[in-house]
Amino acid sequence: MSGGALAGDTAGASAQTADGWRSRWGRLYLQSEGIRGWCLSAPALFVVIAALAVPIGLLVLFSFWTQDYVDIDTTLTLNNYQTIADRTIYLTVFARSVGISGLVTLLTVLLAYPLAYYVAFDVTRHKMVWLVLITLPFWTSYLLRVFAWKIILGYDGVINSGLAWLGVIDEPLSFLLYNPFAVILTLAHAWAAFAILPIYVSLEKIDRSLLEAATDLGDGPLRRFWRVTFPLSMPGVIAAAIVIFIPTVGDYVTPTLVGGPSGLMIANLIQTQFSKANDWPLGAALSIASMVTVTLIACLFVWFSKRATEKIA
Amino acid sequence: MSTQATGMPSGAAAATDPSRFIDIQQVTKRFGASVVAVDAVSLQIARGEFFSLLGASGCGKTTLLRMLAGFEAPSEGEILIDGQPMAAVAAHRRPTNMVFQSYAIFPHLNVGQNIAYGLRKEKLSKADLRRRVDEALEMIKLSGYASRGADQLSGGQRQRVALARALVRRPKVLLLDEPLGALDKKLREEMQIELRQLQEQLGITFVFVTHDQEEALTMSDRIAVMSAGHVLQVDDPHTLYERPTCAEVAAFIGSMNFLKGRVRGRENGQAVVEAEGLGTITAEAVAGDLAEGAAVLLAIRPEKMAIADTAERAPAGAVEGRIAAANYLGDRSHYYVNLPGVEKPVAVAAQNVDRETEGWLQSGAPVWLSWQAKGPILLPAE
Ligand SMILES: Nc1ncnc2c1ncn2[C@@H]1O[C@H](COP(=O)(O)OP(=O)(O)O)[C@@H](O)[C@H]1O
Ligand SMILES: [Mg+2]
């Protein structure tokens, strides 16, 4: 209707001053919720389109092209996806990535939960100080921490030399580094802060009278935890799991540094396609395939854990 | 059912004196070094009684209730329920259930699951569990609400669910911490009646915490008035109102005029008192030392006084005063009357029975005050 008013006005007065346009525009702006909405969200929309939608669109486009030794063949085919499905190496590595990420997520949440629980329920004063102290190691660079683990787990590392000094071993243990175990350990440590904080927040939010009500209704401490505390902290656990799982599947620094050949993950393969192998379309297809799969897994996980929490009670 | 979980020897129940069903013996609760929330409180509550703890905010009502529930341990003293000492009984094994001030409805469960929460230990079959939940819902008039989410309930409904969740366990004692405090006035009055009916019907002992004296008076069999961690007086509502034993109780329940006085003698079991403003009168002594010459407080309720606009209309012995303020409330009027030699105006409540002549006295008008012979009582002066 404001459009109609505008048309009528323009027809009526042909000689418009700049001032008139401004006030007319101002009136329109105030009258139409739609215009206001678009204007206010324009900056954010621009960033999202430029930084997210365009790159992903390009990636999707690339994944339907093919590498032709030197050139890129821009006819649209599904060849790359065919290759991924045919060659088991990709599936194996992808399955391994998901497996490692799942274990990392599980381990991190299991380690973080008691810490968050302790701060939320047993610390009465200076909770903030505790949180800062717990997350302090994570203020250093991620790379530094990965290297620190290399030093701890390495052939001449802290553990091996310590054990040798104690006389427990004659020869350094070689299974500590350059395998999936090292990757899981390093990543679990690296993500700890990201798990502690959301879990802490969801625990802290729980109304203490709910816990007393559970006790009053006959639940001992363990049963009460299982029937009230845990289900109510589930949003924090889900958030932590998602925040850890998704970037872990795509991590390539840690596997490169401490993973060895048996600890390689999908991101290492993708990186190879874009660099050494110089097959960008295949790399793009691998990226898209893993993005879609990870999204599906994450959605399934959220849906499943919601269902499971409902069941508990 | 839940009562057996406490593992009480069966002989003890028979031996328990029913008037000491809950026996609170010299219980003190300290928080830290300086806060004494409950101070040497002794109370006996009978089986099946509707017992209220009444007092201003911060006087220790909740703390006492939480000690009964087992959420706090007494610093000193002992609590027995049905003859059994509670000191070694954990909160989740006590034969009590609580309706929390905030209701504490589990947000992740629906109404039916909330009510069934405490029945898990009874290992009921699915059908039995359903029947118990349905019965409870019917009792609180929320039949058909079993699958409602906790967030889809109004305040009054949440309150009912909290009540059903506690009662469905058939506790020996139900503890209620200001359960009606968050409801609006009309709903609160409805719930007062419903709660009282429910209690009589079930015969469960209720310990009810409130700061609302009217609520306590309408609902309770007996009331303990608390102040600063102490119990001031325990009595039935009528005695508490008509025969308060100290000025603090007299002032807290209803309104009361206090006049300073001195005992001059005794006559037919009553004390003859020289009271400021009223002259020499006789009054019943409720508590305290009444030796001749003792300083006392003469307490008289506004509705036990009468007001007249001329000396002729007033009975003999009326005292003259002047109206300081008059509030017309329709059915009645409240007058504040300055008496010679009395600091604070005396409050008088008059029913406006006669359309023509009553309820029209204005400030500044001279009036004559009289009182019922049994109206004034004597309390020890502080
Ligand atoms: N956990 C606690 N720690 C310290 N002081 C407390 C605690 N609980 C209650 N108190 C204090 O004890 C007194 C009585 O509190 P409470 O029993 O809640 O009073 P009421 O329920 O009558 O309002 C108050 O002064 C309160 O500040
Ligand atoms: Mg309270």
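The coordinates are above.
About the thresholds
- Residues numbered from 1 in each chain as written.
- Chains lettered and ligands numbered in written order.
- Predicted model: local features only at pLDDT ≥ 70, side-chain atom pairs only at ≥ 80, totals over all residues.
- Heavy atoms only, no water.
- Near = heavy atom within 4 Å.
- Polar contact = N/O pair within 3.5 Å; in protein donor to acceptor, adjacent residues only side chain to side chain.
- Areas by Shrake-Rupley, 256 points an atom, 1.4 Å probe, with all protein chains shown as cover.
- Helix = DSSP H or I, 4+ residues; strand = E, 2+ residues; numbered from the N terminus.
- Nonpolar A, V, L, I, M, F, W, Y, C, P; charged D, E, K, R; others polar.
- Pairing = 2+ DSSP bridges.
- Axes fitted to C-alpha atoms, helices over the stretch in contact; angles between N-to-C directions.
- Parallel < 35°, antiparallel > 145°, perpendicular 65-115°, else oblique.
- Left-handed = near helix turned anticlockwise from the far one by under 90°.
- Contact = heavy atoms within 4.5 Å.

Peer 1: Where do I start with the site of ligand 1 in this structure?
Peer 2: Residue and element names in this part refer to chain B. With respect to spatial proximity, the complete set of residues near ligand 1 consists of F31, V35, A37, A56, S57, G58, C59, G60, K61, T62 and T63. Residue G60 places a main-chain N or O atom 3.1 Å away from an oxygen atom belonging to ligand 1. Here T62 contributes a side-chain N or O atom positioned 2.5 Å from an oxygen atom of ligand 1. For ligand 1, whose unbound accessible area comes to 550 Å², protein coverage reaches 58%. Those elements that place two or more of their residues in the shell around ligand 1 are β2 (35–45) and α2 (61–69). Broken down by element, the residue count for the shell around ligand 1 peaks at three residues, all from α2. Classifying every residue of the shell around ligand 1 by side-chain character gives five nonpolar, five polar and one charged.

Peer 1: Looking at this model, I keep getting lost on the sheet that holds strand β20 (residues 377–380) of chain B. Mind explaining?
Peer 2: All names here are of chain B. The five strands lie next to each other as β11-β12-β13-β20-β14, forming a closed barrel whose pairing is mixed. Strand-to-strand, the axes of this sheet are offset by a mean angle of 55°, without reference to chain direction. Where strand β12 (residues 270–275) meets strand β13 (residues 279–285), five bridges bridge the pair, whose relative direction is antiparallel. Opposite E274, over in β13, you have T280 as the bridge partner.

Peer 1: What should I look at first to understand the packing of helix α5 (residues 155–167) of chain B against helix α6 (residues 185–202) of chain B in this one?
Peer 2: For any two helices packed against each other, the geometry comes down to the angle between their axes and how far apart the axes lie. Residues and elements named next belong to chain B. Across the interface, α5 lies against α6 with an axial gap of 12 Å and an inter-helix angle of 15°. In terms of orientation, α5 and α6 fall into the roughly parallel class. At the point where α5 passes α6, the crossing takes the right-handed sense. Taking contact as the criterion, the partners of G156, Q159, R160, L163 and L167 in α5 are, on α6, L187, M191, E194, L195, L198 and L202. Of the residues belonging to the contact of α5 with α6, the class tally is seven nonpolar, two polar and two charged.

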